[in-house]
Amino acid sequence: MTAPITPSTAQPPVTVRVFTQRLSSTPRGARLARRLTLNQLHSWGIPYDTDVSDAVGAIVAELAANAVTHGRVAGRDFALRLELGPGRVRVEVADSRSGPPRPPRPGAVRTPPSLDEHGRGFVLVDALAARWEVLDGEPPGKTVRAEIDLPEWIDVPDPK
């Protein structure tokens, strides 16, 4: 038997804000994803040029670039989803390709040789995100999800 919820045991309501946008699988779409992200964070009370804003912007830039470079399927868009929840920002970038090349798993990211021109995107995501994972989507497709913890000094007001 579970205890009934009483005013003393009730949890306060949690506000979660969500932003979603489908973007063209082009370099322009990837650049737009980063700009939209920074603007959305600012509208949610996370100022431009803060560590959190810079980290989220860099993660979105890398994941969007990967979506349009490695996850592109002709005629299909990629999706950006941002979620501001208690103490964290969650980023999700979903593309339409489920086959190779497959992103590495957390903990399996390898730094490329110093002269290689590519291969540093997930090194950056691994360094900046508190947590991240690759999820299989509805076939075909996959989603890369990353979370960035908010420092205590960022006080995001409840929307009214």
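Parameters at a glance
- Residues numbered from 1 in each chain as written.
- Predicted model: local features only at pLDDT ≥ 70, side-chain atom pairs only at ≥ 80, totals over all residues.
- Heavy atoms only, no water.
- Helix = DSSP H or I, 4+ residues; strand = E, 2+ residues; numbered from the N terminus.
- Buried < 20%, exposed > 50% of the residue type's maximum accessible area, 1.4 Å probe, protein only.
- Contact = heavy atoms within 4.5 Å.
- Areas by Shrake-Rupley, 256 points an atom, 1.4 Å probe, with all protein chains shown as cover.
- Expected span 1.5 Å × (residues − 1).
- Salt bridge = Lys/Arg side-chain N within 4 Å of Asp/Glu carboxyl O.
- Axes fitted to C-alpha atoms, helices over the stretch in contact; angles between N-to-C directions.
- Parallel < 35°, antiparallel > 145°, perpendicular 65-115°, else oblique.
- Left-handed = near helix turned anticlockwise from the far one by under 90°.
- Pairing = 2+ DSSP bridges.
- Arc of directions from axis to C-beta.

Caption draft 1: Representation of the overall build of the protein in the model. Across its full length, the protein carries 3 helices and 5 strands. Listed N to C, the secondary structure of the protein is β-α-α-β-β-α-β-β in terms of helices and strands. In the protein, which comprises 160 residues, the proportion classed as buried is 38%. Within the protein, counting contacts between residues at least 6 apart in sequence, those at least 24 apart form 65% of the total. Of the accessible surface of the protein, which amounts to about 9,900 Å², a share of 53% is contributed by carbon and sulfur atoms.

Caption draft 2: Representation of helix 2 (residues 51-69) in the model. Along its 19 residues, helix 2 runs 27 Å from first to last C-alpha, staying within 8% of the 27 Å computed at 1.5 Å per residue. Taken together, the buried residues of helix 2 touch helix 1 (27-43), strand 2 (78-85), strand 3 (88-95), helix 3 (121-128) and strand 5 (142-149).

Caption draft 3: Molecular detail of the pattern of salt bridges. Enumeration according to the criterion identifies 10 salt bridges in this entry. We note a salt bridge from Glu147 to Arg88, for which the minimum N-O separation is 3.7 Å. Placement of Glu147 in strand 5 and of Arg88 in strand 3 is noted, with a sequence separation of 59 residues between them. The exposure class assigned to Glu147 is buried, which follows from its relative accessible area of 10%. Two residues, Arg131 and Glu147, come together in a salt bridge whose shortest N-O distance is 2.8 Å. Linking Arg131 in strand 4 (residues 131-136) with Glu147 in strand 5, this pair joins segments that are 16 residues apart in sequence. Through salt bridges with shared partners, a single network forms among Arg81, Glu83, Arg88, Arg90, Arg131, Glu147 and Asp149.

Caption draft 4: Layout of the packing of helix 2 against helix 3. Contact geometry for helix 2 and helix 3: axes closest at 9 Å, N-to-C directions at 150 degrees. One finds that helix 2 runs roughly antiparallel with respect to helix 3. For helix 2 against helix 3, the interelement crossing comes out left-handed. Contacts between helix 2 and helix 3 involve Ala55, Ala58, Ile59, Glu62, Leu63 and Asn66 from the first element and Gly121, Phe122, Leu124, Val125 and Leu128 from the second.

Caption draft 5: Layout of the sheet that holds strand 3. On the basis of which strands lie adjacent, the open sheet formed by 5 strands has the order 1-2-3-5-4 and antiparallel pairing. Looking at which strands have only one partner, the edges of the open sheet turn out to be strand 1 (17-23) and strand 4. Strand after strand, the sheet turns through a mean of 15 degrees between neighbouring axes, direction not considered. As defined by bridge partners, strand 4 adjoins strand 5 across 6 bridges and the pair is classed as antiparallel. Its bridge partner lying in strand 5, Arg131 is registered against Glu147. Against the sheet, helix 2 engages strand 2, strand 3 and strand 5, with an angle of about 10 degrees to strand 3.

Caption draft 6: Structural detail: helix 3. Taken as a whole, helix 3 has its buried residues at Gly121, Phe122 and Val125. Down the axis of helix 3, the sector holding all buried residues measures 85 degrees, keeping them to one side. Where the residues of helix 3 are buried, they touch helix 2, strand 4 and strand 5.

Caption draft 7: Expanded view of unusual backbone geometry. A positive phi is found at Asp49, a non-glycine position, where the angle reads about 60 degrees. Secondary-structure assignment places Asp49 in the loop between helix 1 and helix 2. Asp49 sits in the exposed class, given a relative accessible area of 69%.

Any functional reading would require information beyond the geometric quantities listed.
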